[in-house]
Structures are given as C-alpha cells and as structure tokens.
Amino acid sequence: EAGVTQFPSHSVIEKGQTVTLRCDPISGHDNLYWYRRVMGKEIKFLLHFVKESKQDESGMPNNRFLAERTGGTYSTLKVQPAELEDSGVYFCASSQGRGGLNEQFFGPGTRLTVL
Amino acid sequence: RKEVEQDPGPFNVPEGATVAFNCTYSNSASQSFFWYRQDCRKEPKLLMSVYSSGNEDGRFTAQLNRASQYISLLIRDSKLSDSATYLCVVQKGPLYGGATNKLIFGTGTLLAVQP
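Residues numbered from 1 in each chain as written. Chains lettered and ligands numbered in written order. Predicted model: local features only at pLDDT ≥ 70, side-chain atom pairs only at ≥ 80, totals over all residues. Heavy atoms only, no water.

A. Layout of the overall build of chain A. When helices and strands are counted, chain A shows 0 helices and 11 strands. Taken from the N to the C terminus, the helices and strands of chain A come in the order β-β-β-β-β-β-β-β-β-β-β. Computed over C-alpha atoms, the radius of gyration of chain A comes to 13 Å, within 12% of the 13 Å expected from 2.2 N^0.38 for 115 residues, which places it in the range of a compact globule. With the C-alpha coordinates of chain A rotated into their principal frame, the extents come out at 40 × 25 × 25 Å. The burial tally for chain A puts 48% of its 115 residues in the buried class. For chain A, the share of sequence-separated contacts (at least 6 apart) that also reach a separation of at least 24 residues comes to 53%. Just so you have it, chain A exposes about 5,600 Å², and 48% of that area is on carbon and sulfur atoms. Here chain A contributes 13 positively and 13 negatively charged side chains, and the mean placements of these two sets differ by 3 Å. (Helix = DSSP H or I, 4+ residues; strand = E, 2+ residues; numbered from the N terminus. Rg over C-alpha atoms; globule rule 2.2 N^0.38 Å. Buried < 20%, exposed > 50% of the residue type's maximum accessible area, 1.4 Å probe, protein only. Contact = heavy atoms within 4.5 Å. Areas by Shrake-Rupley, 256 points an atom, 1.4 Å probe, with all protein chains shown as cover. Lys, Arg positive; Asp, Glu negative; His and termini not counted. Charge placed at Lys NZ, Arg CZ, Asp CG, Glu CD.)

As structure tokens, then:
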C-alpha cells in the first residue's frame, strides 16, 4: 500500500513569490494533517482536515497560508506571498480515524527555502 | 516554556549499551503519548505508544508517569541502526475521536550509537 506522498520534495523560491505544496494521503484516510519544522525548532501542527472540512486550523501562522482539500482527497497548502521565515520542512500526515489510537502516518516532507 | 521538553543530546553510546531518554510535558490535559523516531532528513515514524502501565516492544521500553507529567524511553542493547532522533510526542485528544488530534512534538533527542 502506498504511503503518504508529497510534492515537490524541494522548493526554492524568492521572497514574495507563491508556492503550492501538495499532499496525497493514504487511500481511505479521512484525516489529513499539515505540520512544519523550521530550522532549530520542533515540528509544529498547522491544521487538520476531516474529509474536506477543516477540523482544527489553530496552528496556521497567518493569512498568507491557505490550505484546501477539495473533494476530501489530496490537499494543497499555498503560501502567498512567501516570507523568509516560512523556510522549513512541511510534513503532511494522514490517519484513518481520530484519536490517540489512530496512528498518524507522515509523508517525506517538502523542504521549502525562501531566499 | 515549551509544551514538551526533551534533552536535545547528542547521546553518544557504544553498541550494546543501554540508553534512556526522558521527556516532560506541561499540559495535564494530554491523554495520548508517543515516541517517534526520525532518521536524518526523513519523516517521523511512530516507534511506540506509551501507556500508563508501561509497555515494552523488544529492546524498547516506554514508561509514563502522569502525576509527574514525565515520559521515558529505554533502549537496551543498542544497535548501530538505532542511531536517529527520538521525538517525544503528546496529544490532547482522547484515544478515540475527539475534536483535537494535533500532535505536539518535543525538539527531539539525537542518539548516535558508535561501533
């Protein structure tokens, strides 16, 4: 069974540009999460989708970040306009159900560098 | 203060050694606890969940002390392949369902097992 996939694996953009990250969860997983790790810091939660609905977006840093999951399948995370502090690794995870007994499986991440 | 605190290490140990990692969490509402393993430039992967009664998986033993808000991981007979960053992770949501499913990560403890 395929795991969580993310595209692109790396992205280098200039400040002020727009970048869109994509995540394909494990097939059948209704729950999709975005996390990110900035240099030297811990991995932090951004938001959680249940199917196409945003269940929890308490971690989204500001309105330059827009996440969507149309149709409840893959998700995109758009950063517009990108700032230097947005550099980091963006991880997507998915789980079949909710709660601590439902493992969140992580994708390989997208490494974003904003110059 | 970080919600999950870990000693960043590095822990340099010889093969065959026993090594212990500790972690504290600040939110007493946390209900689910995990150790994740992250190899260099890879995604985090669940190593084991941590239960109040303590649990063991081969050479790995995890303990939880809710009163002290303290989690530990013991690795016996260390192997070269155990070299990685070990992430202490808590979740506020219940074991099933729940409105909050976000994982809260510590910064990780780096383990280097030497031949």
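B. Here's a closer look at the interface of chain A and chain B. Listed by partner, the interface residues are 22 residues for chain A and 26 residues for chain B. Summing the contributions of chain A and of chain B, the shared interface buries around 2,000 Å²; its carbon and sulfur component is 53%. For the pair chain A and chain B, the number of links is 0 salt bridges. Counting the contacts that link chain A with chain B gives 6 residue pairs in polar contact (both at pLDDT 80 or more). Looking at the side of chain A that touches chain B, the elements that each hand over two or more residues are strand 4 (31-37), strand 5 (44-50) and strand 6 (53-56) of chain A. The dominant element in the side of chain A that touches chain B, judged by the number of residues it contributes, is strand 4 of chain A, at 3 residues. By residue class, the composition of the side of chain A that touches chain B is 8 nonpolar, 7 polar and 7 charged. (Buried area = accessible area lost by both parts, 1.4 Å probe. Salt bridge = Lys/Arg side-chain N within 4 Å of Asp/Glu carboxyl O. Polar contact = N/O pair within 3.5 Å; in protein donor to acceptor, adjacent residues only side chain to side chain. Nonpolar A, V, L, I, M, F, W, Y, C, P; charged D, E, K, R; others polar.)

C. Geometry of the state of the cysteines. Throughout the structure, instances matching the rule amount to 2 disulfides over all chains. With its sulfur 1.8 Å from that of its partner, C23 of chain A forms a disulfide with C92 of chain A. Judged by the sign of its S-S torsion, about -65 degrees, the cystine formed by C23 of chain A and C92 of chain A is left-handed. Highlighted residues: C23 of chain A in strand 3 (residues 19-24) and C92 of chain A in strand 9 (residues 88-95), separated in sequence by 69 residues. Each disulfide pairs two cysteine sulfurs, and for C23 of chain B the partner residue is C88 of chain B, the sulfurs being separated by 1.9 Å. (Disulfide = S-S within 2.5 Å.)

D. The sheet that holds strand 8 (residues 70-75) of chain B, seen in detail. Residue and element names in this part refer to chain B. Across the sheet, 5 strands lie side by side as 1-3-8-7-6; this open sheet has antiparallel pairing. Strands with a single pairing partner mark the edges of an open sheet, and in this sheet they are strand 1 (4-6) and strand 6 (55-57). Looking at each pair of strands side by side, their axes are set apart by 20 degrees on average, direction ignored. As judged from the 6 bridges shared by strand 3 (residues 19-25) and strand 8, these two strands associate in the antiparallel manner. Of the residues in strand 8, the one forming a bridge with F21 is L73. (Pairing = 2+ DSSP bridges. Axes fitted to C-alpha atoms, helices over the stretch in contact; angles between N-to-C directions.)

E. View of the nonpolar core. Grouped together as the largest cluster of nonpolar side chains are 24 residues, with contacts concentrated most on F21, W35, I71, L73, I75, Y86 and L111 of chain B. Mapped onto this core, the elements with two or more residues apiece are strand 3, strand 4 (32-38), strand 5 (44-50), strand 7 (60-65), strand 8, strand 9 (84-91) and strand 11 (109-114) of chain B. Excluding residues within four positions of it along the chain, L111 of chain B makes contact with F11, V13, V19, F21, I75, D82, S83, A84 and Y86 of chain B. In this structure, V19, L46, M60 and A67 of chain A belong to the second largest nonpolar core, which totals 21 residues. (Core = buried A, V, L, I, M, F, W, Y, C linked by side-chain atoms within 4.5 Å.)

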